[in-house]
Amino acid sequence: MGKLDFVKEEIERLKKEGLYVNIKTIESPQGAWIKVDGKEVLNLCSNNYLGFANHPVLKERAKRAIDEFGVGPGAVRTIAGTMKLHRELEEKLAKFKGAEAALSFQSGFNTNLAVIPALVGRGDVIFSDELNHASIIDGCRLSRAEIVRFKHADPQDLKKKLEEYKEHPGKKLVVTDGVFSMDGDVAPLDKYVEVAEEYDAITMVDDAHGEGVLGNSGRGIVDSLKLHGKVDLEVGTLSKAFGVVGGYVAAKKEVIEYLRQKARPFLFSSAVTPPDVAAAIAAVDILTESDKLVVKLWDNTNYFQTEIKNLGFDIGETETPITPIMLGEAPIAQEFSKRLFKEGIFAQAIGYPTVPKGKARIRVMISAVHEKKDLDFALEKFAKIGKELGVIE
Ligand SMILES: *Cc1c(COP(=O)(O)O)cnc(C)c1O
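Every value quoted in this text rests on a predicted model; they were computed, and no experiment measured them.

What follows covers the overall build of the protein chain. Along the protein chain, the regular secondary structure elements total 15 helices and 13 strands. The C-alpha radius of gyration of the protein chain comes to 22 Å, within 12% of the 21 Å expected for a compact globule of 393 residues. Summarising its shape, the C-alpha atoms of the protein chain cover approximately 60 × 55 × 55 Å along the three principal directions. Across the 393 residues that make up the protein chain, the buried fraction comes to 52%. The contacts of the protein chain with a sequence gap of at least 6 include a subset with a gap of at least 24, amounting to 70%. Counting only carbon and sulfur atoms, one obtains 51% of the accessible surface of the protein chain, whose full area is about 18600 Å². Measuring between centres, the 54 positive side-chain charges of the protein chain sit 3 Å from its 59 negative side-chain charges.

Structure, rendered in structure tokens:
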């Protein structure tokens, strides 16, 4: 028995159970059409909601930043890694979000690992939606606080759980995704805010999939539900609609000042690179100036979702451009995805354990980079394969 035998055994188990992830290589920039394994395919699975990942203005600003500031930050933020660009990004993000201040991190994942353990610890309690993102779950675990899961998108259940802990002496934190990435549904954040106020709990939303999508010009869930100043911490990512990489948190000035002193990935991991920061600033500038791309994203979404439903497909409870095409058992979803790829469409099959058993699906991600003819092409292929596999009539 070798001490690393478990590695091989686990890989074999994953393959046998159909859970092994085959990673495809993209050989072109992100866009409506991309090159995958040597083949041009319509891209229906990226988070590049607004086309910023290959936007000419973002690319130009990134290049200029390299000339002006170089490629690396040289240090963590607290030592010598805070550049003028990081400050500018944080000021612009705060303004864009209608918050007092913001702090940027290396990724959205890192932001959750940074923020949650800085807020709560042993003796405190976190109330977390049962379908929250992995990075929230890991941030909660890292904090050593007690974790209480409440039923997905259920303010009544949250209230019940908070009531159970009414006499608990520790701090309380309510945390949720803004938009849930597998179903595209939106958290009832306004209700959570009401309930949390009653029990004096801190509120935090991770708006990774709402950023650049919901609210006025993509200002996110807090803007769309008119909750400015009522949610204590808004986490966002710069790697989805914003098209680059990085994460941030927006909050009251003192909270951001506190996180600058306490958030470990901020203190112990190097800052984001100058070209990345410059490109992210450009994304904020573009959204601040115009909602054109966000409007196109929603036009595309409404068109595709109406038409795919007319074909007889079930798209669940989505309220966003995330469009799950519900197919039931995992093998059908996998076969569907394979046939789509043959027909020139790149769309991911998602099964257990990412989603519950019997709820396997193809997840279609709509983007502003799609043209109507792209969406029509996709609809035609979905109809053809749907009939072949007996999913629709
Ligand atoms: C994608 C996602 C993240 C991770 O963001 P990165 O910037 O890619 O690290 C965090 N939270 C949620 C809810 C997400 O959907």
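Turning next to the packing of helix α14 (residues 330–342) against helix α15 (residues 372–388). The N-to-C vectors of α14 and α15 enclose an angle of 135 degrees; their axes lie 10 Å apart at closest approach. Here α14 lies oblique to α15, going by the angle between them. By crossing handedness, the relation of α14 to α15 is classed as right-handed. Within the contact between the two elements, α14 uses Phe336, Arg339 and Leu340 and α15 uses Lys381, Phe382, Ile385, Gly386 and Glu388. When the residues that make up the contact of α14 with α15 are grouped by side-chain class, the tally is 4 nonpolar, 1 polar and 3 charged.

Here we come to the environment of Asp190. Examined against the element boundaries, Asp190 turns out to sit in helix α8 (residues 189–198). A residue is classified by how much of its surface remains accessible, and Asp190, at 31% relative accessible area, is partly exposed. Sequence separation between Asp190 and Gly51 is 139 residues, and the spatial gap between their C-alpha atoms is 30 Å. Excluding anything up to four places from it in sequence, Asp190 contacts Leu225 and Leu227.

Moving on, we get to the site of the ligand. Close to the ligand lie 13 residues, the nearest being Gly108, Asp206, Thr237, Ser239 and Lys240. Gly108 places a polar main-chain atom, nitrogen or oxygen, 2.7 Å from an oxygen atom of the ligand. A distance of 3.4 Å is found between a nitrogen atom of the ligand and a side-chain nitrogen or oxygen belonging to His133. Summarising the interface, the protein chains cover 85% of the accessible area of the ligand, which totals 380 Å² for the free molecule.

Residue placement: His370 occurs in the loop between β13 (360–365) and α15. You can call His370 buried: its relative accessible area is 1%. Not counting residues up to four positions away in its chain, the partners in contact with His370 are Ala32, Leu42, Asn43, Leu44, Lys296, Asn300, Met365 and Leu375.

This paragraph deals with the packing of aromatic side chains. Summed over all chains, the structure comprises 10 aromatic pairs. Ring centres of Phe304 and Phe382 lie 6.4 Å apart, and the angle between their planes is 75 degrees; on these two criteria the pair is classed as edge-to-face. With Phe304 in helix α13 (residues 292–310) and Phe382 in helix α15, the pair connects residues that are 78 residues apart, well separated along the chain. For the pair formed by Phe304 and Phe382, the shared burial category is buried. Plain terms: the ring middles of Phe341 and Phe346 are 6.1 Å apart, the flat faces sit at 75 degrees to each other, and that makes the pair edge-to-face. A cation sits over an aromatic face here: Lys24 above Phe341, 5.0 Å from the ring centre. For Lys39, the ring lying beneath its charged end belongs to Phe341, and the centroid distance is 5.7 Å.

Another point: the pairing of strand β4 (residues 125–129). In regular strands, side chains alternate between the two faces of the sheet. A large share of β4 lies buried, amounting to 5 of its 5 residues. Here β4 shows no split at all, with Val125, Phe127 and Asp129 on one side and Ile126 and Ser128 on the other all buried. Summarising the sheet, β4 and strand β5 (residues 146–150) pair through 5 bridges and their orientation is parallel. The residue bridging Phe127 from the neighbouring strand is Val148, located in β5. Across 4 bridges, β4 lies against strand β6 (residues 172–177) in parallel orientation. Paired with Phe127 across the bridge in β6 is Val174.

What follows covers a nonpolar patch on the surface. Together, Leu4, Phe6, Val7, Ile11 and Tyr20 line one region of the surface with nonpolar side chains, adding up to about 470 Å² of accessible area. Within the fold, Tyr20 resides in the loop between α1 (5–16) and β1 (33–36). Here Tyr20 falls in the partly exposed class, since its relative accessible area comes to 36%.

Attention now goes to the pattern of salt bridges. Using the criterion set out here, one finds 22 salt bridges in the structure. For Lys97, the salt bridge is made with Glu211, and the minimal N-O distance between the two is 2.6 Å. Residue Lys97 is located in helix α4 (residues 84–97), and its partner Glu211 is located in the loop between β7 (202–206) and α9 (221–224); the two are separated by 114 residues in the primary sequence. Across the pair, Glu211 and Lys97 agree in class, each one buried. Across the pair Arg361 and Asp183 runs a salt bridge whose closest N-O atoms are separated by 2.9 Å. Taken together, the residues Arg361 in strand β13 and Asp183 in the loop between β6 and α8 connect sequence positions 178 residues apart. Shared partners join several salt bridges into a network, and the residues in it are Glu335, Arg339, Glu343, Glu380, Lys381, Lys384 and Glu388.

Rules used in this analysis
Residues numbered from 1 in each chain as written. Predicted model: local features only at pLDDT ≥ 70, side-chain atom pairs only at ≥ 80, totals over all residues. Heavy atoms only, no water. Helix = DSSP H or I, 4+ residues; strand = E, 2+ residues; numbered from the N terminus. Rg over C-alpha atoms; globule rule 2.2 N^0.38 Å. Buried < 20%, exposed > 50% of the residue type's maximum accessible area, 1.4 Å probe, protein only. Contact = heavy atoms within 4.5 Å. Areas by Shrake-Rupley, 256 points an atom, 1.4 Å probe, with all protein chains shown as cover. Lys, Arg positive; Asp, Glu negative; His and termini not counted. Charge placed at Lys NZ, Arg CZ, Asp CG, Glu CD. Axes fitted to C-alpha atoms, helices over the stretch in contact; angles between N-to-C directions. Parallel < 35°, antiparallel > 145°, perpendicular 65-115°, else oblique. Left-handed = near helix turned anticlockwise from the far one by under 90°. Nonpolar A, V, L, I, M, F, W, Y, C, P; charged D, E, K, R; others polar. Near = heavy atom within 4 Å. Polar contact = N/O pair within 3.5 Å; in protein donor to acceptor, adjacent residues only side chain to side chain. Phe/Tyr/Trp six-rings, centres within 6.5 Å; stacked < 30°, edge-to-face > 60°. Lys NZ or Arg CZ within 6 Å of the ring centre and 35° of its normal. Pairing = 2+ DSSP bridges. Patch = residues over 30% accessible without salt bridge, like charges linked within 9 Å, V, L, I, M, F, W, Y side chains within 5 Å. Salt bridge = Lys/Arg side-chain N within 4 Å of Asp/Glu carboxyl O.

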